[in-house]
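# Close look at the chain arrangement
What follows is the residue order along each chain.
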Amino acid sequence: MRTIGGVALAIFDLDNTLIDRAAAFRRWAAAYVAERGLPPAETAWLERADGDGYTPRARLLAAIRERHGVHKTVEALRAELVANIEPDPRLPGLLDDLRSAGWRVAVATNGATAQQHAKLRHTGLAAHVDAVAVSEEVGADKPDLRMFTTAAERCGERLTGETWMVGDCPVRDIAGARSAGLRTIWLSRGRAWDPAQPPPDAVAGDITAAFPLIGAALGPVPR
Ligand SMILES: [Mg+2]
């Protein structure tokens, strides 16, 4: 990353960016299936039903109840999912290095406030970022501009063309940040970028590969 004289701002998505939520759900699903003696293929069904976390929890639990006869509360499911998140041991150091180089670091995440903060505490990441904005308490979901401005304000900063957004969702993270005039790094997670959409400034295969790209010298922000 570039070392800078003043303060710059990097905003990170949380699910499937700073934490591997998909892997946590897969671990949870495998344990759930094993505990109940269900066929192993039910793990794949659960992953499809989860919709990468975008299926509303109540709807997911209703589908599970219908298919397996298992009653579970949203709170219980959320707690079990957090317990299955395995922190990436490299991240605290990478975030600290970024902050030592003069960057403020914010998290902007769509989701339930208590759940997203529980993830940050469980992984220890809460101590390595300057600010957190969760859509439930902000009152708007990414790609809404308010999520990005709130993250910046909580760092005592404003959004500029030197603000970077790192995230895995082409719409919520990348298109949203682009609309806000930010620089963007897309975590591809093995996916190809839709050529019909304006591309991100940079692409990283995983979160550790994103850090060296933050602050990379680039031309003017495309308008
Ligand atoms: Mg995400």
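Scroll up a little and you will see the structure.
Read on for a plain summary of the structure. (Residues numbered from 1 in each chain as written. Predicted model: local features only at pLDDT ≥ 70, side-chain atom pairs only at ≥ 80, totals over all residues. Heavy atoms only, no water.)

### Some words on helix α1 (residues 21–35)
In this model α1 runs 21 Å from its N-terminal to its C-terminal C-alpha over 15 residues, within 8% of the 21 Å that 1.5 Å per residue would give. Every buried residue of α1 is accounted for by R21, A22, A23, A24, F25, W28, A29, Y32 and V33. Buried residues belonging to α1 abut α2 (42–50), α3 (57–68) and α4 (74–83). G37 occupies a position one or two residues after α1 and carries a positive phi of about 65°. (Helix = DSSP H or I, 4+ residues; strand = E, 2+ residues; numbered from the N terminus. Expected span 1.5 Å × (residues − 1). Buried < 20%, exposed > 50% of the residue type's maximum accessible area, 1.4 Å probe, protein only. Contact = heavy atoms within 4.5 Å.)

### Topic: the layout of surface pockets
Sizing a probe to match a water molecule and rolling it over the atoms shows the empty space that remains. Its volume calculated, the largest pocket comes out at about 600 Å³. The wall of the largest pocket is formed by 31 residues, among which D15, G53, N110, G111 and K119 lie closest to the centre. Looking at the lining of the largest pocket, the elements with two or more residues in it are α1, α4, α6 (113–123), α7 (135–138) and α9 (170–179). Here the residues of the lining of the largest pocket are counted per class, giving eight nonpolar, nine polar and 14 charged. When we break the lining of the largest pocket down by domain, the ones giving at least three residues each are domain 1 (8–20 + 88–213) and domain 2 (21–83). (1 Å grid on protein atoms, 1.4 Å probe; cavity = no way out; pocket = protein on both sides within 12 Å on 5 of 7 lines; lining within 4 Å. Points joined across faces, edges and corners; volume = space filled by probe spheres on them. Nonpolar A, V, L, I, M, F, W, Y, C, P; charged D, E, K, R; others polar. Domains from an automatic or database assignment.)

### Description of the pairing of strand β5 (residues 183–187)
Where a strand is regular, its side chains alternate between the two sheet faces. Burial analysis of β5 places five of its five residues in the buried class, the great majority of the element. With burial as the criterion, each face of β5 is covered, one bearing R183, I185 and L187 and the other bearing T184 and W186. In the sheet, strand β4 (residues 164–167) pairs with β5 via four bridges, with the strands oriented parallel. By the bridge assignment for β5, V166 is matched with I185. Handedness of the β-α-β unit built from β4, α9 and β5 comes out right-handed. Of the pairings in the sheet, the one linking β5 to strand β6 (residues 202–204) comprises three bridges and is parallel in character. Bridge assignment links W186 to a residue of β6, and that residue is V203. (Pairing = 2+ DSSP bridges. Right-handed = clockwise from strand over helix to strand, strands pointing away.)

### Things to note about the pattern of salt bridges
Evaluation of the coordinates by the stated rule reveals 19 salt bridges. Its salt-bridge partner being D168, residue R189 comes within 3.1 Å of it at the nearest N-O pair. With a gap of 21 residues between them, R189 in the loop between β5 and β6 and D168 in the loop between β4 and α9 connect regions that are remote in the sequence. Owing to a relative accessible area of 30%, R189 belongs among the partly exposed residues under this scheme. Since its relative accessible area comes to 4%, D168 is described here as buried. Overlapping salt bridges bring together D13, K142 and D173 as one network. (Salt bridge = Lys/Arg side-chain N within 4 Å of Asp/Glu carboxyl O.)

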